[in-house]
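What the coordinates show
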Amino acid sequence: MDSSRKKSLLLLITNSYAAINIIHSGLIKPLASEYDIRLISSLIGKRELSEINKHFNIQMQQIQVPLFEESYLLRFLRQLEKAVFFHHFRIETQKIKDQQSSILYRYAVDILLSLIASIRLTSGLLKLLRKIIILFTGKNRHVKSWNLPDFDGVISTSPLDIRENTIVNHLKIKSTPSLAIVISWDNLTSKGIINANHDCVLVWNQFMAQEYDLFYKVFNITKQKIFITGVPRFDVYYKPLPPQYAAESIRNKFNISNEHKVMLFATSALNHCPNQVDILEHLLEYAAHHSSATILVRCHPADDYRKYSRFENEQNFRIWHSEKTSLNQTFSNTIPDLDVLLNLASMLKTCDVCIQIASTIRLEAAICNKPCICIAYDGNEILPESHSVKRFYSYSHQIPLNKLGLDQFAYSKPELFLTLDKLLDHAPKVDHTDKIQKFVHHTAPESVAITMKYIREWLS
């Protein structure tokens, strides 16, 4: 065997956040430099691949295959598996989500799951369902027809996606080693089960490592290693920004005076918070009485920036949105602009206060030591708890962060105004480095390097 031959890796990318974590973070550069990367992706076409290769000076190649739709039978099995899983582990996130279902549906499901638990069949049923799903997907005719070549390993960047599970399970029949990268802090408590037995699993932090151990030890997966890597896409916050993304450049770009305080409103996905236009109106009302404040709206890629066009003539209003969004492309099936992380980092480092709605930006604002306001009310409406944005802060992954008290909660417009007064006029300088380390694991740009270290160990 030629010792100089690069090992071949199959890289699966079916999720926009996974693309950001692997590609935009810069992890793809050392990965493609050390290994022969073949890509299967539902997001990246020939044009996007060419842009990525040129941007990072790499030669990643793509396997062009049409990804498949999940069968009705497989979907039913996974829904049953997910219901049993969440009931067995009493995961708070799912309890909150269930409140949006009808009372009759919740009652019927609860009776069924309680009956299964009463006769002590829960763990056995979980094992059986997962085993059936793994066997069923491993023999998928669609993937078999692709005639995939042999690989030295396969990396699943969105391991809770059944399409990636199917490809991994098919390759497992050939004894192909696999590695999973869990891309977000909420995945293990909100997305169901990883239906593939990976040799190696990479997670953000100790919380996630403990969750994984708790949930997956019931399946007795042999010889599996769990490593904590931190968050590759967060490395950008620990590096000096290029000159064009420095605070002075951002202020010039958006025509914001150096004397003005910048209120960064990071919106959420439209289905996450449909009333966030009301929040912007409240911020504009505040700014109307504070002439030295400017609102910079950073549109979530899955938020419709056109909703805010009626404010474009407001003196204290500025807006940023992805160019991809302007092409009417949806976030779920599009790879974001390659500078999306630099844009967000530059806005966070420039702002004086960040306003967000139960998103990961809570963590990112803390990394940047910026005051953060968590919006916990529904604009001009009063919604029931089951549909209110307040419910998001009770999700399992948010609870440990709430306990740190790093940010301020606004449960109404008056509270928002009072908090802005306090944070813009009298906010003390803070250093959240030690506290936030529990969530991001590193306080330096080390996550990409550590992720590569564990990939090498996995393949050695």
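Residues numbered from 1 in each chain as written. Predicted model: local features only at pLDDT ≥ 70, side-chain atom pairs only at ≥ 80, totals over all residues. Heavy atoms only, no water.

Examining the overall build of the chain
Secondary structure summary: the chain contains 20 helices and 13 strands in total. For 460 residues, the compact-globule estimate of 2.2 N^0.38 gives 23 Å, and the C-alpha radius of gyration of the chain, at 23 Å, lies within 12% of that figure. With 460 residues in all, the chain has 55% of them scored as buried. Taking contacts inside the chain between residues at least 6 apart in sequence as the whole, the part at least 24 apart equals 74%. As presented, the chain carries roughly 21400 Å² of accessible surface, and 52% of it is formed by carbon and sulfur atoms. Charge centroids of the chain, computed over 53 positive and 45 negative side chains, lie 7 Å from each other. (Helix = DSSP H or I, 4+ residues; strand = E, 2+ residues; numbered from the N terminus. Rg over C-alpha atoms; globule rule 2.2 N^0.38 Å. Buried < 20%, exposed > 50% of the residue type's maximum accessible area, 1.4 Å probe, protein only. Contact = heavy atoms within 4.5 Å. Areas by Shrake-Rupley, 256 points an atom, 1.4 Å probe, with all protein chains shown as cover. Lys, Arg positive; Asp, Glu negative; His and termini not counted. Charge placed at Lys NZ, Arg CZ, Asp CG, Glu CD.)

As for the pairing of strand β4 (residues 153-156)
Residues Gly153 and Ile155 point to one face of β4 and Val154 and Ser156 to the other, with burial holding for every one of them. Both strand β1 (residues 8-13) and β4 contribute to a ladder of four bridges, which runs parallel. In the strand pairing of β4, Leu9 is matched with Gly153. Where β4 meets strand β5 (residues 178-181), three bridges bridge the pair, whose relative direction is parallel. Counted as the bridge partner of Ser156 is Ala180 from β5. (Pairing = 2+ DSSP bridges.)

A look at the environment of Asp339
Within the element layout of this structure, Asp339 appears in the loop between α14 (323-326) and α15 (340-350). The class for Asp339 is partly exposed, based on a relative accessible area of 29%. C-alpha separation for the pair Asp339 and Thr222, spaced 117 residues apart in sequence, amounts to 40 Å.

Focus on unusual backbone geometry
Even without a glycine there, the phi angle at Asn220 is positive, about 50°. Position of Asn220 relative to the elements: it lies in the loop between α11 (206-216) and β7 (225-228). Here the phi dihedral of Lys223 falls at roughly 55°; this positive angle occurs in a residue that is not glycine. Locating Lys223 in the fold gives a position in the loop between α11 and β7. For Lys223, a relative accessible area of 79% puts it in the exposed group.

Regarding empty space enclosed by the protein
Counting across every chain of the model gives three cavities of 30 Å³ or more. As a volume, the second largest cavity reaches approximately 40 Å³. Considering the residues around the second largest cavity, the lining is formed by Arg362, Ala365, Ala366, Lys370, Cys372, Leu401, Leu406, Asp407 and His432. In terms of residue class, the lining of the second largest cavity is made up of five nonpolar, one polar and three charged. (1 Å grid on protein atoms, 1.4 Å probe; cavity = no way out; pocket = protein on both sides within 12 Å on 5 of 7 lines; lining within 4 Å. Points joined across faces, edges and corners; volume = space filled by probe spheres on them. Nonpolar A, V, L, I, M, F, W, Y, C, P; charged D, E, K, R; others polar.)

Focus on the pairing of β7
Where strand β6 (residues 200-203) and β7 come together, four bridges link them in parallel fashion. The residue of β7 that forms the bridge with Cys200 is Lys225. A crossover connection joins β6 to the parallel β7 through α11; in handedness this β-α-β unit is right-handed. (Right-handed = clockwise from strand over helix to strand, strands pointing away.)

Notes on helix α20 (residues 447-459)
For α20, built from 13 residues, the straight-helix expectation of 18 Å at 1.5 Å per residue is met to within 8% by its first-to-last C-alpha distance of 18 Å. Within α20 the residues assigned to the buried category are Ser447, Val448, Thr451, Met452, Tyr454, Ile455, Trp458 and Leu459. Seen end-on, α20 carries its buried residues on one side only, within an arc spanning 165°. On the buried face of α20, the contacting elements are β1, α2 (28-34), β4, β5, β6 and β7. (Expected span 1.5 Å × (residues − 1). Arc of directions from axis to C-beta.)

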